[in-house]
Amino acid sequence: MSRRLNLSTSPVDLARLVLASVDGDVLFFDSQITASAHARWSMLMWDPGCWLEESPVGSGRIVERPSGRVVEDVPAWMRQAHGQDTASTASVGLPFCGGLAGFWGYECGAYLDDLRAELPRDDSPLLWVGAFEGALIFDHHEGDWWASGTPAWIEGAMAWLDAQGAGEASEPEVIDVAERRPVAIHEVEGEVYRRGVRAGVEAIFEGELFEVNYSERWGATWKAGGWELYRRLRDAAPGPYGGLVRAGATTIASVSPEQFVEVRQGGRVQTRPIKGTRPRGASSEEDAKLAAELCASAKDRAENVMIVDLMRNDLTRVCEPGSVEVSELCGLHSFASVHHLISTVEGRLASGADALDVLTACFPAGSITGAPRLRAMEWIAANEASARGPYTGSMFYWSADGNFDSNVLIRTATLTGHRVRYGAGGAVVADSDPAGEWEEARWKARPLFNALGILVEGGGSPADRAAVAEEVDDEG
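Calculation notes
- Residues numbered from 1 in each chain as written.
- Predicted model: local features only at pLDDT ≥ 70, side-chain atom pairs only at ≥ 80, totals over all residues.
- Heavy atoms only, no water.
- Helix = DSSP H or I, 4+ residues; strand = E, 2+ residues; numbered from the N terminus.
- Buried < 20%, exposed > 50% of the residue type's maximum accessible area, 1.4 Å probe, protein only.
- Phe/Tyr/Trp six-rings, centres within 6.5 Å; stacked < 30°, edge-to-face > 60°.
- Lys NZ or Arg CZ within 6 Å of the ring centre and 35° of its normal.
- Patch = residues over 30% accessible without salt bridge, like charges linked within 9 Å, V, L, I, M, F, W, Y side chains within 5 Å.
- Areas by Shrake-Rupley, 256 points an atom, 1.4 Å probe, with all protein chains shown as cover.
- Salt bridge = Lys/Arg side-chain N within 4 Å of Asp/Glu carboxyl O.
- Pairing = 2+ DSSP bridges.
- pLDDT = per-residue confidence, 0-100.
- Contact = heavy atoms within 4.5 Å.
- Lys, Arg positive; Asp, Glu negative; His and termini not counted.
- Polar contact = N/O pair within 3.5 Å; in protein donor to acceptor, adjacent residues only side chain to side chain.
- Core = buried A, V, L, I, M, F, W, Y, C linked by side-chain atoms within 4.5 Å.
- Domains from an automatic or database assignment.
- Axes fitted to C-alpha atoms, helices over the stretch in contact; angles between N-to-C directions.
- Parallel < 35°, antiparallel > 145°, perpendicular 65-115°, else oblique.
- Left-handed = near helix turned anticlockwise from the far one by under 90°.
- Nonpolar A, V, L, I, M, F, W, Y, C, P; charged D, E, K, R; others polar.

**Considering the overall build of the protein chain**
Argument step 1. Scanning the protein chain from terminus to terminus reveals 12 helices and 23 strands.
Argument step 2. Within the protein chain, buried positions represent 59% of all 476 residues.

In structure tokens, the structure reads:
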């Protein structure tokens, strides 16, 4: 069931209140660009009845909580937990009425496919998936708040809202710059990145790959907490598929512009891969020139088309024969910090298949691996300097009524303790220029620099790096 709420609080303010007031794990699905046709809903979930987590982190051992039972087959657990959900499906068109939600990190791909490589790991969890009885949902198109889920959950949520005095909008919390210093940026060396690009080009010319998505990690110390990191990323580069996950000691803060896979009631399946990037210009004339340059770039369009072909092949495994089609090819979409080329691939879900089949058939997204996917993942394991963790994985929900949506966790920071990591990179193809790929990676890393209050242009100045060298050394 669902109930309209008399709330004037914004989604971001209510999320801050939930994170400050609720113990345990919290998920915030945040449609940060309210004018976008692809950004209608924001949702808050907490207090799952049971959940999966990796314990201990880095072990690959997946445990159900609170029972402590070891789970060997994550998709089987998810399908069983989803089937047991008793939430009402009378949700007046809302996207979630109870069900499963969480994230899979990039390295979950090794559990789904037979890779001839062991993927590296870091101190972030492999995955987190919870079973929720409901959610608070904000409709950006209508400006309404809803509570959706079981009757008991809705009553509990309304009582909690009353106790918190959440009916009125509140001023956002602001943490002074002095309170969050020192900030240490550990920047990827340009030559290291260019060397990786050259290795990718060589693998393509040797016939191993058609395209590979090469990325590296930027590191920082951050002492102001996960919410302040998320808020500043959100201010720097809002995206239609953003979100925050607080799972144990880890916070994932994402301002992703990219939808992964979506499945709606009636069986419509959609994926919207991104490939092709330019920065926004400093003036309207420069901005238009950069957008036109992107649209005219044969290289960027080739990157996009190769991933479209990969995603078409993935969807044909779980969709009705002949139903998969490309409804948009290399469309220009502009965000706060970059222009992107985005394509849309759609199909009709095959009889007997469900949203989890779609997720496992397509994960990890081809836009962040390359083609062919398995060989690209093996190359990434051998050539990237560190684990990706949640970065380039996916944050998702699977409602009891069958609705499913997910993002690709790009423009994403992972905070554990006082250490934050942020991944950025891009597609390498046969005619990639290492210097150009390095600049593209840095365009994509700028949201982190801006969020931390360090404006780094071009290649970054020696003074920028010298100012933080001591803290970087302390970070190890």
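Back to the write-up after that little detour.
**Things to note about the environment of Ala 292**
Argument step 1. In this fold, Ala 292 is placed in helix α7 (residues 284–296).
Argument step 2. Through-space distance from the C-alpha of Ala 292 to that of His 339 is 10.0 Å; in sequence the pair is 47 residues apart.

**A closer look at the packing of aromatic side chains**
Argument step 1. Taken as a whole and judged by the stated rule, the model has 16 aromatic pairs.
Argument step 2. Taken together through their ring pairs, the aromatic side chains of Trp 104, Phe 260, Phe 363, Phe 396 and Phe 404 make up a single cluster.
Argument step 3. The ring of Tyr 106 has Arg 388 sitting right over it, with the charged end atom 4.6 Å from the ring centre.

**Remarks on a nonpolar patch on the surface**
Argument step 1. On the surface, Val 305, Val 326 and Leu 329 cluster together into a nonpolar patch covering about 200 Å² of accessible area.
Argument step 2. Considering the arrangement of structural elements, one finds Val 326 in strand β17 (residues 325–334).

**Some details on the pattern of salt bridges**
Argument step 1. Per the stated rule, a full pass over the model turns up 37 salt bridges.
Argument step 2. When the shortest N-O distance is used, the salt bridge between Asp 30 and Arg 234 registers 2.6 Å. Within this pair, whereas Asp 30 is found in strand β2 (residues 26–30), its partner Arg 234 is found in helix α6 (residues 226–236), the two being separated by 204 residues in sequence.
Argument step 3. The salt bridge partner of Arg 442 is Glu 187, with a shortest N-O separation of 2.4 Å. One end of the pair, Arg 442, is in helix α11 (residues 434–451); the other, Glu 187, is in the loop between β10 (184–186) and α5 (190–205), and 255 residues separate them in sequence. Take Arg 442 and Glu 187: they sit in the same class, and that class is buried.
Argument step 4. Several salt bridges converge on common partners, so that one network encompasses Glu 262, Arg 264, Arg 268, Glu 346 and Asp 405.

**Some thoughts on the pairing of strand β15 (residues 268–271)**
Argument step 1. Two elements, strand β14 (residues 261–264) and β15, share 4 bridges in a ladder whose sense is antiparallel. When the bridges of β15 are listed, Arg 264 appears paired with Arg 268.
Argument step 2. Taking the residues between adjacent antiparallel strands as the criterion, β14 and β15 are bridged by 3 residues, where Gly 266 takes a positive phi near 100°.
Argument step 3. Bridge count between β15 and strand β18 (residues 338–348): 4 bridges; the pairing is antiparallel.

**Structural notes on the confidence of the model for the protein chain**
Argument step 1. Residues of the protein chain with pLDDT of at least 70 account for 88%, and the chain-wide mean is 89.
Argument step 2. A low-confidence stretch, residues 169–180 stays under pLDDT 50, and its non-local contacts, those more than four residues away or across chains, total 22 contacts.
Argument step 3. Contacts of residues 455–476 to residues separated by more than four positions or lying in other chains number 31 contacts, the stretch itself having pLDDT below 50.

**Here's the deal with the pairing of β2**
A regular strand places its side chains so that they alternate between the two faces of the sheet.
Argument step 1. Burial analysis of β2 places 5 of its 5 residues in the buried class, which makes it a mostly covered element.
Argument step 2. Burial along β2 is two-sided: Val 26, Phe 28 and Asp 30 and Leu 27 and Phe 29, pointing in opposite directions, are all buried.
Argument step 3. Two elements, β2 and strand β3 (residues 41–46), share 4 bridges in a ladder whose sense is antiparallel. Residue pairing in the sheet places Phe 28 in a bridge with Leu 44 of β3.
Argument step 4. Sheet analysis places β2 next to strand β12 (residues 242–247), joined by 5 bridges and oriented antiparallel. The residue bridging Phe 28 from the neighbouring strand is Leu 244, located in β12.

**Here's the deal with the side chain of Arg 411**
Argument step 1. Mapped onto the secondary structure, Arg 411 falls in the loop between β21 (404–406) and β22 (412–416).
Argument step 2. It is Glu 258 that comes nearest to the buried, bridge-free Arg 411 among opposite-charge side chains, at 6.8 Å.
Argument step 3. In this structure the side chain of Arg 411 is engaged in a polar contact, spanning 2.5 Å, whose partner is the side chain of His 340.
Argument step 4. Ignoring sequence-local partners within four residues, the contact set of Arg 411 consists of Ala 253, Ser 254, Val 255, Ser 256, Pro 257, Val 338, His 340, Tyr 422 and Lys 444.

**Some words on the environment of His 140**
Argument step 1. Looking at where His 140 falls in the secondary structure, it is placed in the loop between β8 (134–139) and β9 (144–149).
Argument step 2. C-alpha separation for the pair His 140 and Ser 31, spaced 109 residues apart in sequence, amounts to 8.2 Å.
Argument step 3. Within the local environment of His 140, its side chain forms a polar contact with the backbone oxygen of Ser 31, the two atoms lying 3.4 Å apart.

**Re the nonpolar core**
Argument step 1. By size, the foremost hydrophobic cluster in this structure holds 108 residues, and its most contacted members are Leu 44, Trp 104 and Leu 136.
Argument step 2. The two domains that each donate at least three residues to this core are domain 1 (2–184 + 218–267 + 349–358 + 387–424) and domain 2 (269–347).
Argument step 3. Trp 41, Phe 96, Phe 103 and Trp 128 belong to the second largest nonpolar core, which has 20 residues in total.

**Focus: the packing of helix α8 (residues 298–316) against helix α9 (residues 355–362)**
Argument step 1. Remark: α8 packs on α9, axes separated minimally by 9 Å, with the N-to-C direction vectors making an angle of 140°. Between α8 and α9, the angle is such that the two are oblique. Taken as a pair, α8 and α9 cross one another with a handedness that is right-handed. Where α8 abuts α9, its residues Met 311, Asp 314 and Leu 315 lie against Val 358, Ala 361 and Cys 362.
Argument step 2. By residue class, the composition of the contact of α8 with α9 is 5 nonpolar, no polar and 1 charged.

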